[in-house]
Amino acid sequence: MLAIEVALLTGRYVATAVDDRNRAEWPPHPARLFSALVDAHFEALDPSADERDALEWLEQQGPPEITAPEAAAREIVTVFVPVNDTSVVGSLDDEALTVREARAELDAARPKGGKPLAAAEKKFAKAEARFLEAVRKAIAPVPAGKEGKDGPGKASSILPERRTRQPRTFPSSAPSEMDPAASRIVFAWPSATPTPEQRSTLDTLAARVTRLGHSSSLVTVRVRDDRPEATWIPDDTSPRRAGDEAVLRVVGPGQLAALCAAFELQADTPGRVMPASFQRYVRPRHASVASAPVPLFGDGWIVLRRLAGPRLPSIRAVDVARTVRKAMMAAYGPGAPEILSGHRASGGPSERPHLAYVPLPFVGSEHADGAILGVALILPRDATRDERLDVYRALDAWERQGRHEDEEAPTLPVHLGRTGELVLARLEEQASPSTLRAATWCAESTSWASATPVALDRNPGDLGAQDPQKEAAAYAEAEATLAVACERIGLPRPSRVTVLPAAPIAGADKARRFPPFHAGKPPVQRVLVHATLTFDAPVRGPILLGAGRYFGLGLFRPLRGHG
């Protein structure tokens, strides 16, 4: 058994969530602990070979159990930080990188000798000469009268009191009980069998770790001889339990090499993604309380809010969803995985849940107009860590395409043809309206109403038949189809389903205003209906029903008054 304890010296943990720069991470991810140990290792003037061996052993022990107290996210305050201005002396990063690359090629060519070595030496000499010339120009004094029109202004702008300031946030969490025992997190590997030498080496290395997460998140770290009862355990098989699960970044074999490679490539840039895998964690059953049934779709949403562009009505939901899907797949590149595309490698439709692209309409309040305020990327609860990583990679690649220098939240353009360009960005949580909060759509309730109509999986018949018996039979068939659809996404069968001719909540558009929706092979036009659902006991969302559930149709909102 191996257990590593992290004590929060300031009583709080400052770290940004991987999917939202304005949300705090809790509990601390195992990958952060490993990176902190690696950082301590390389801070030494002469990194120990024993420490490296111990780290390579640790990365192979699998995801640890975690013991962490309950914590509350502290209020986020935006501060404005002076930036380092390189506009006067210029940036030498590109030239320095060229020198490093040329030196690496030279080292690789030495064993070969001959022409390859001569070519590499020539390339290195040129790169070094360009770098030295760039340094000379950067530090050379400018002759009087040659400053240019904006020279004095640029020079004065690097003075501390005149630097421009960029907004920054530092999300943090604080344990609910502010005492020394409550400010400790323990990572434990119950099946690990380190040698006495490995345990001692890891303890020595851990003692040199001073922070976890942000530089203000001061810690002490040590190896323990015992392990407390775990509050989070890695588990991919347990039934889904809302509020009792989390997806954390963990490490695997090759993590140390991946971190070293990322460092050599100067991966410490905006938008970087720590090399890691994603692991589903759950609370042990004896530590969890009975919770409401949950659907197969998760509540850890990635929300893209609307920044600019046309204010589209909810009847355009499918168009927006399909365009966002296309952008994500294009950003990922060739061979987009099933979790993104919804199709198997053979080309047929996926037989298991995949990513849903769900536009979020403004509904359910007095002034609601049904306009799309953002798009939620909703993963299945049982998505594997590799599938989650694929989604984050695609989104990160999309953001990199539109990122500008010093931009915190890069814009994501959604091209809608003649309609224009809808501009999205990852959600800044503290400024979000309720429509863009996952909690709005995932709260427990016994009563639910459709915000967008459901594309029925089966044709119920003529809902507008003149014959009352045929009309009643069609409505009964539609309601039965919706009840089965609830069971299909993992919820209990509702006690009552009511198909409605009109939208059931304020701001929602009538079903007949939505364009025809086709699904299946061959494509078949589906009947669109609004509905309400009533369950005998509260259930949690998100509830997405019908053939269009992966494109924003069949989105239900809880009616809190009946929860």
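These figures come from a predicted structure and were not determined experimentally.

Novice: Requested: an account of the packing of helix α2 (residues 49-58) against helix α6 (residues 196-206), with residues and values cited.
Specialist: Between α2 and α6, whose axes approach to 9 Å, the crossing angle comes to 100°. By the angle class used here, α2 and α6 are roughly perpendicular. Residue-level inspection shows D50, E51, A54, L55, W57 and L58 of α2 in contact with α6, the latter providing Q198, T201, L202 and L205. A per-class count over the contact of α2 with α6 returns six nonpolar, two polar and two charged.

Novice: For the pattern of salt bridges, give the residues involved together with the corresponding values.
Specialist: Applying the stated criterion to the full structure yields 24 salt bridges. Across the pair R227 and E65 runs a salt bridge, and its minimum N-O distance is 3.1 Å. Here R227, found in the loop between β11 (219-224) and β12 (233-234), pairs with E65, found in strand β5 (residues 65-67); they are 162 residues apart in sequence, far enough to count as distant. The residue R352 makes a salt bridge to E387 at a minimum N-O spacing of 2.4 Å. Of the two residues, R352 sits in the loop between α9 (338-341) and β16 (356-361) while E387 sits in helix α10 (residues 385-402), which places them 35 residues apart along the sequence. In this structure, a network of salt bridges that share partners links the residues E5, R184, R222, R224 and D226.

Novice: Lay out the packing of helix α1 (residues 30-43) against α2 in plain terms, naming residues and giving numbers.
Specialist: At a minimum axis separation of 11 Å, α1 and α2 run at an interaxial angle of 170°. What the angle tells us is that α1 and α2 run roughly antiparallel. In this structure, α1 contributes F34, L37, V38, H41 and F42 to the contact, and α2 contributes E51, R52, L55 and L58. Across the contact of α1 with α2, the residue classes tally to six nonpolar, one polar and two charged.

Novice: How would you summarise the nonpolar core if you had to cite specific residues and measurements?
Specialist: Core analysis: the largest hydrophobic core is formed by 87 residues, its most contacted members being V324, M328, W398, I543 and L545. Broken down by element, this core gets its largest block of residues, eight residues, from helix α8 (residues 317-332). Beyond its immediate chain neighbours, meaning those up to four positions away, V324 contacts Y357, V375, L377, W398, V414 and L424. In this structure, V6, A15, L33 and V251 belong to the second largest nonpolar core, which totals 40 residues.

Novice: Quick rundown of the confidence of the model for the protein? Include the residues and the values.
Specialist: In regions of low pLDDT, the predicted coordinates are not meant to be interpreted in detail. Within the protein, residue pLDDT values average 83, and 80% of them lie at 70 or more. For residues 267-271, every residue scores under 50 in pLDDT, and the model assigns this stretch eight contacts once sequence neighbours within four places are set aside.

Novice: Kindly report on the pairing of strand β1 (residues 2-8), identifying the contributing residues and their values.
Specialist: Among the seven residues that make up β1, seven are buried, leaving the element largely enclosed by the rest of the structure. Burial along β1 is two-sided: L2, I4, V6 and L8 and A3, E5 and A7, pointing in opposite directions, are all buried. By the bridge criterion, six bridges tie β1 to strand β10 (residues 184-189) in an arrangement that is antiparallel. Along β10, the bridge assignment pairs V6 with I185. Across six bridges, the pairing between β1 and β11 is antiparallel. When the bridges of β11 are listed, A7 appears paired with T220.

Novice: Explain the sheet that holds strand β13 (residues 245-250) residue by residue, including any values.
Specialist: Taken in spatial order, the three strands make up an open sheet running β12-β14-β13, and their pairing is antiparallel. Here the strands that pair on one side only, and so sit at the sheet edges, are β12 and β13. Looking at chain direction, β12 and strand β14 (residues 277-282) are connected through two bridges and run antiparallel. Looking at the pairing, P234 lines up with Y281 of β14.

Novice: Help me get a handle on the sheet that holds strand β17 (residues 372-378), residues and values and all.
Specialist: Reading across the sheet, the five strands line up as β16-β17-β15-β19-β18 and stay open at both edges, with antiparallel pairing between neighbours. Sheet topology places β16 and β18 (412-415) at the edges, where each strand pairs with a single neighbour. Between one strand axis and the next, the sheet turns by 30° as a mean value, whatever way the strands run. Where β16 meets β17, six bridges bridge the pair, whose relative direction is antiparallel. Pairing of A356 across the sheet is with I378, part of β17. Where α8 meets the sheet, it contacts β16, β17, β18 and β19 (421-426), and its direction lies at approximately 135° from that of β16.

Novice: So what's going on with the packing of aromatic side chains? Which residues, and what values?
Specialist: The tally for this structure, following the rule as stated, stands at three aromatic pairs. Each ring, one from F278 and one from Y392, has its centre 5.0 Å from the other, and the planes form 20°; the classification is stacked. Taken together, the positions of F278 in strand β14 and Y392 in helix α10 put the pair 114 residues apart, joining distant regions of the chain. Judged by its relative accessible area of 12%, Y392 is buried.

Novice: Please provide a residue-by-residue account of the environment of L205, values included.
Specialist: Residue position: L205 is located in helix α6. Overall, L205 belongs to the buried group, its relative accessible area being 0%. Among all residues touching L205, those that are not within four sequence positions of it are L37, A40, H41, E51 and L55.

Novice: Give a description of helix α12 (residues 468-488) that names residues and reports values.
Specialist: Between the first and last C-alpha of α12 there are 30 Å, a value that for 21 residues agrees with the 30 Å anticipated at 1.5 Å per step. Residues of α12 that are buried: A474, Y475, A478, T481, L482, A483, A485 and C486. In the core, the buried residues of α12 are packed alongside β21 (454-455), β22 (496-500) and β25 (528-539). Where α12 terminates, the next one or two residues include G490, which has phi positive at roughly 95°.

What counts and how
Residues numbered from 1 in each chain as written. Predicted model: local features only at pLDDT ≥ 70, side-chain atom pairs only at ≥ 80, totals over all residues. Heavy atoms only, no water. Axes fitted to C-alpha atoms, helices over the stretch in contact; angles between N-to-C directions. Helix = DSSP H or I, 4+ residues; strand = E, 2+ residues; numbered from the N terminus. Parallel < 35°, antiparallel > 145°, perpendicular 65-115°, else oblique. Contact = heavy atoms within 4.5 Å. Nonpolar A, V, L, I, M, F, W, Y, C, P; charged D, E, K, R; others polar. Salt bridge = Lys/Arg side-chain N within 4 Å of Asp/Glu carboxyl O. Core = buried A, V, L, I, M, F, W, Y, C linked by side-chain atoms within 4.5 Å. Buried < 20%, exposed > 50% of the residue type's maximum accessible area, 1.4 Å probe, protein only. pLDDT = per-residue confidence, 0-100. Pairing = 2+ DSSP bridges. Phe/Tyr/Trp six-rings, centres within 6.5 Å; stacked < 30°, edge-to-face > 60°. Expected span 1.5 Å × (residues − 1).

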